Amino acid sequence: MLRLAAVLAMALALLGCSKSYRYKLTLAVNTPDGVKRASSVGEVSFQEAFFPERGTFSHLRGEALYLDLGSGAKPLIALLTNRIRGYYGWSRSAGPRLELLSDLYNVVPSADYMDTVSKIAKQRGPHKIEPNQLPDVITFADVNDPRSVILVDPDNLRATLGPNFTWNEITVEVTDEPVSTGIEQKLPWIPYYVCGELDGDHGRRAATLASRLTTADFRLGTSSEKSANSCYPGPREWQQRLR
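Asker: Even after reading the chapter, I still don't get the overall build of the chain, so can you show me in this structure?
Answerer: Along its length, the chain carries seven helices and 12 strands. When the accessible surface of the chain is split by element, carbon and sulfur atoms take 50% of a total near 12,700 Å².

In structure tokens, the structure reads:
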């Protein structure tokens, strides 16, 4: 017990202050049935560390934004990350980059990184962003089959969703709202793919969108998330359920 207490004390000594903020992404799309809107809230926590060298690490908790565009239409899903398109801005560790939020709220970055985080955390109110500033946006030919994932060009929704679908508004804001949960109710296969890519294959194969995306692009750190060390029941069981 004394050894464990000493280890914990040392660990705390090597960590500095921690700060966090929550952000809310909202998508609104013009459809034949009117404007469809949905939001998702994530939380980014930052922690100072002093060993092996001084720095800051971050942790993201949240889920992808699922926008139901109506009967007969494919859904629009904004992932937590931006790894497929060239725009560098949304990551598995920090969500929207701090520089984006600083620009939106006219916050002058401080030499002290944690001070900038603290300033961002105090901001409120939505700000519009451009489609090309979004994380990766996808849809599915069949929402029950993760292998049918399709990348959506945020600058051209019509190309994938149809001629009657256009942006109405896209906003990001710092918020006090609770972190979003329940994405598995929209995409019920997520718990079956916690250990692998959306194509369900760990082997060597041609690079496809389904082989590059994993459930970590859809959900991170939420209370409903299964342990990443648990691979049961697995993609095969999910595919059997579809038969």
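Having put the structure on the table, let's press on.
Asker: Honestly, the side chain of Lys24 in this entry has me stumped. Any pointers?
Answerer: Structurally, Lys24 can be placed in strand S1 (residues 15-31). Of note is the side chain of Lys24, whose polar atom sits 2.9 Å from the side chain of Glu177. Not counting the four nearest positions on each side in its chain, Lys24 is found in contact with Ser39, Ser40, Val41, Thr171, Val172, Glu173, Thr175 and Glu177.

Asker: I would appreciate a short explanation of the nonpolar core in the present structure.
Answerer: Looking at soluble globular proteins, one finds that nonpolar side chains tend to be buried together. The biggest cluster of nonpolar side chains holds 39 residues, and the ones touching the most others in it are Tyr21, Leu25, Leu27 and Leu76. Every element with two or more residues in this core is listed here: S1, strand S2 (34-49), strand S4 (65-67), strand S5 (76-78), helix H2 (98-104), helix H3 (113-121), helix H4 (157-161) and strand S11 (166-175). If one sorts the elements of this core by residue count, S1 sits on top with five residues. Excluding residues within four positions of it along the chain, Leu27 makes contact with Lys36, Arg37, Ala38, Leu65, Leu67, Leu76, Ala78, Leu134, Trp167, Glu169 and Ile170. Listed in part, the 19 residues of the second largest apolar core include Phe140, Leu187, Ala210 and Phe218.

Asker: What should I look at first to understand the pattern of salt bridges in this one?
Answerer: Pairing between side chains of opposite charge can happen when the charged atoms of each approach one another. Overall, the coordinates contain 12 salt bridges when judged by the stated rule. Put simply, Arg92 and Asp217 hold a salt bridge, and the shortest N to O gap is 3.2 Å. Placement of the pair is Arg92 in the loop between strand S6 (90-91) and strand S7 (95-96) and Asp217 in the loop between helix H6 (209-212) and strand S12 (219-220), with a sequence separation of 125 residues. The shortest N-O distance in the salt bridge between Lys119 and Asp115 comes to 3.5 Å. Pair noted here: Lys119 and Asp115 are both in helix H3, with a separation of four residues, about one helical turn. Here Asp115 falls in the partly exposed class, since its relative accessible area comes to 29%.

Asker: I would appreciate a short explanation of the sheet that holds S4 in the present structure.
Answerer: Two strands in a sheet stick together by hydrogen bonds in their backbones, pointing the same way (parallel) or opposite ways (antiparallel). If you walk across this open sheet you meet the four strands as S4-S5-S9-S10, and the pairing is antiparallel. Sheet topology places S4 and strand S10 (149-152) at the edges, where each strand pairs with a single neighbour. Put simply, the sheet's adjacent strands are angled 30° from each other on average, direction ignored.

Asker: Just to check I follow, could you spell out the confidence of the model for the chain for this structure?
Answerer: Low-pLDDT portions of the prediction should not be read for the details of their coordinates. Mean pLDDT over the chain: 84, with 77% of residues reaching 70 or higher. Taken as a whole, residues 5-13 scores under 50 in pLDDT and shows one contact with residues more than four places along the chain or in a different chain. Considering only residues more than four positions removed or in separate chains, one finds that residues 224-230, a stretch of pLDDT under 50, has 14 contacts.

Asker: Could you clarify how one ought to interpret H3 in this entry?
Answerer: Residues spaced three or four apart along an α-helix point in a common direction, a consequence of the helix completing one turn every 3.6 residues. Listed in full, the buried residues belonging to H3 are Met114, Thr116, Val117, Ser118 and Ile120. Taking the backbone nitrogen of Met114 as reference, a side-chain oxygen 3.1 Å away marks Asp112 as the first, capping residue of H3.

Asker: Is there a simple way to think about the pairing of S11 in this case?
Answerer: Consecutive side chains of a regular strand alternate in pointing toward one face of the sheet and then the other. The element S11 is largely enclosed, with a buried count of seven among its 10 residues. Alignment of strand S8 (residues 127-128) against S11, held across two bridges, turns out to be antiparallel. Counterpart to His127 in the pairing with S11 is Val172.

Here is what the cut-offs are and how they apply
Residues numbered from 1 in each chain as written. Predicted model: local features only at pLDDT ≥ 70, side-chain atom pairs only at ≥ 80, totals over all residues. Heavy atoms only, no water. Helix = DSSP H or I, 4+ residues; strand = E, 2+ residues; numbered from the N terminus. Areas by Shrake-Rupley, 256 points an atom, 1.4 Å probe, with all protein chains shown as cover. Polar contact = N/O pair within 3.5 Å; in protein donor to acceptor, adjacent residues only side chain to side chain. Contact = heavy atoms within 4.5 Å. Core = buried A, V, L, I, M, F, W, Y, C linked by side-chain atoms within 4.5 Å. Buried < 20%, exposed > 50% of the residue type's maximum accessible area, 1.4 Å probe, protein only. Salt bridge = Lys/Arg side-chain N within 4 Å of Asp/Glu carboxyl O. Pairing = 2+ DSSP bridges. Axes fitted to C-alpha atoms, helices over the stretch in contact; angles between N-to-C directions. pLDDT = per-residue confidence, 0-100.

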